[in-house]
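Summary of structural features
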Amino acid sequence: MNILLTSAGRRTYLVRYFKEALGEGSKVYAANSALSPALCEADGYVLTPLIYADEYIPFLLEFCRKHEIGLLVPLFDIDVWMISKHRDEFLKAGVFPAVSDRSVLEICNDKLRMNEWLSGHSFSVPEYGGSVNDYRGGFPAYIKPRFGMGSIGLLKAEAKEELSPLYRICERRIEDSYLRYESEEKAGLSGEGRVLIEEEIRGQEFGLDVINDFSGAFVSVVIRKKLAMRSGETDEALVLTKEAPVYESLFELGRSVSECLHHIGNMDMDVIVSAEGPSYIIDMNARFGGGYPFSHAAGVDLPKAYAVWAKGEKADPSLFEVKKGIHAYKDIDIRIYEDGNV
């Protein structure tokens, strides 16, 4: 079975993980709308139209047919959303798209709706509001895009009088980035309503890989204690095992979300355990997140599980076992392009 990873960007590690998972006789292809480092690692690559272009989905379908792709794994929120809209077309072409139902993505990709959904299911979230007038929380508070990614437009207000000017700055940053398409596509918003205000929670932040199989059934939770961040992604982390005091409560939190949401595959979830005790969920992304390499370094092999599930088989429980004492850092490497070729 061949696999296509779309919006591969700089995720060379995921291309490598999937190649190791498949072994001989299968190929891992990478796709991106521009030259990117991950293309260097793949068995083959293709430059695609932009995700919101009319020709994007037909282009992918044709590529999948030509290269006998059995599993399609998008790695970017916009791409996950677009492929989910065309899920049936890929299934008819014999391709399993590893994306959750649109009802799940509408919750995860819309940070205002995510908070409402979590609150409605009795999960703890920070105080929040969709406008300056709606916000009733304390300070400091974060002003961020409602359909945000990668910390774009994220601002911090130390006091109430800073809310309005920072709110307007956030709106301008949305308008100047691809996030404006997200607001228009997902909620029909071209003006107000594109910004979320959220009270800052002080405490220790953790990253969770909440893993479901391809039927949406719960499998496991991998927990990372975040020690350093860079551009919205985990840069250094300690992977926890059962001996850690917070392990059981965070594992059960992940399980509870899984059993309410029924997402497909991995969900990257950020949680802050406050000094007062409660665990606040601050973000959910229904895809491989930037923290997954730490889970992989600890012995979890989700790419291999994806390949097994795509064949309709049951994954061995050993694929989700976590080694004790894994403290890891991300590294920086360089790729060289010659004459525009990978």
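Throughout what follows, the structure given in this document is the object of discussion. Since we're looking at a predicted model, the values are computed, not measured.

As for the sheet that holds strand β7 (residues 141–145)
Taken together, the 4 strands give an open sheet; going across it, the order is β6-β9-β7-β8, and neighbouring strands pair in antiparallel fashion. Sheet topology places β6 (128–129) and β8 (155–157) at the edges, where each strand pairs with a single neighbour. Relative to strand β9 (residues 195–199), β6 runs antiparallel, the two sharing 2 bridges. In the strand pairing of β9, Y128 is matched with E198.

Description of the pattern of salt bridges
Pairs can form between side chains of opposite charge once their charged atoms are near each other. For the coordinates displayed, the defined rule picks out 16 salt bridges. Taking the shortest distance from any N to any O, the salt bridge between K156 and E200 comes out at 3.1 Å. Taken together, the residues K156 in strand β8 and E200 in the loop between β9 and β10 (203–212) connect sequence positions 44 residues apart. The class for K156 is partly exposed, based on a relative accessible area of 36%. Two residues, K330 and E233, come together in a salt bridge whose shortest N-O distance is 2.8 Å. Separated by 97 residues along the polypeptide, K330 in the segment after β15 (327–329) and E233 in strand β12 (residues 233–239) bring together distant segments of the chain. With relative accessibility at 26%, the residue K330 sits in the partly exposed group. Judged by relative accessible area, which is 31%, E233 ranks as partly exposed.

Overview of helix α8 (residues 163–175)
Its 13 residues place the ends of α8 18 Å apart at the C-alpha level, agreeing with the 18 Å of an ideal helix rising 1.5 Å per residue. Within α8, burial applies to L163, L166, Y167, C170, E171 and I174. All buried residues of α8 project into a common sector of 145 degrees when viewed along the axis, lining one side.

Topic: the pairing of β12
Along β12, 5 of the 7 residues are buried, which leaves the element largely enclosed by surrounding structure. Relative to β12, strand β11 (residues 218–230) runs antiparallel, the two being bridged by 6 bridges. Paired with A228 across the bridge in β12 is E236. Count of turn residues in the β11/β12 antiparallel hairpin: 2 residues, of which S231 carries a positive phi of about 55 degrees. Sheet topology places β12 next to β15; 3 bridges connect them, and they run antiparallel. Along β15, the bridge assignment pairs E236 with Y329.

A few points about the sheet that holds strand β14 (residues 279–285)
Judged by pairing direction, the sheet is antiparallel, and its 6 strands sit side by side in the order β14-β13-β10-β11-β12-β15 without closing on themselves. The open sheet has two edge strands with one neighbour each: β14 and β15. Each strand axis lies, on average, 35 degrees off the axis of its neighbour in the sheet, ignoring direction.

About the cut-offs
- Residues numbered from 1 in each chain as written.
- Predicted model: local features only at pLDDT ≥ 70, side-chain atom pairs only at ≥ 80, totals over all residues.
- Heavy atoms only, no water.
- Pairing = 2+ DSSP bridges.
- Helix = DSSP H or I, 4+ residues; strand = E, 2+ residues; numbered from the N terminus.
- Salt bridge = Lys/Arg side-chain N within 4 Å of Asp/Glu carboxyl O.
- Buried < 20%, exposed > 50% of the residue type's maximum accessible area, 1.4 Å probe, protein only.
- Expected span 1.5 Å × (residues − 1).
- Arc of directions from axis to C-beta.
- Axes fitted to C-alpha atoms, helices over the stretch in contact; angles between N-to-C directions.

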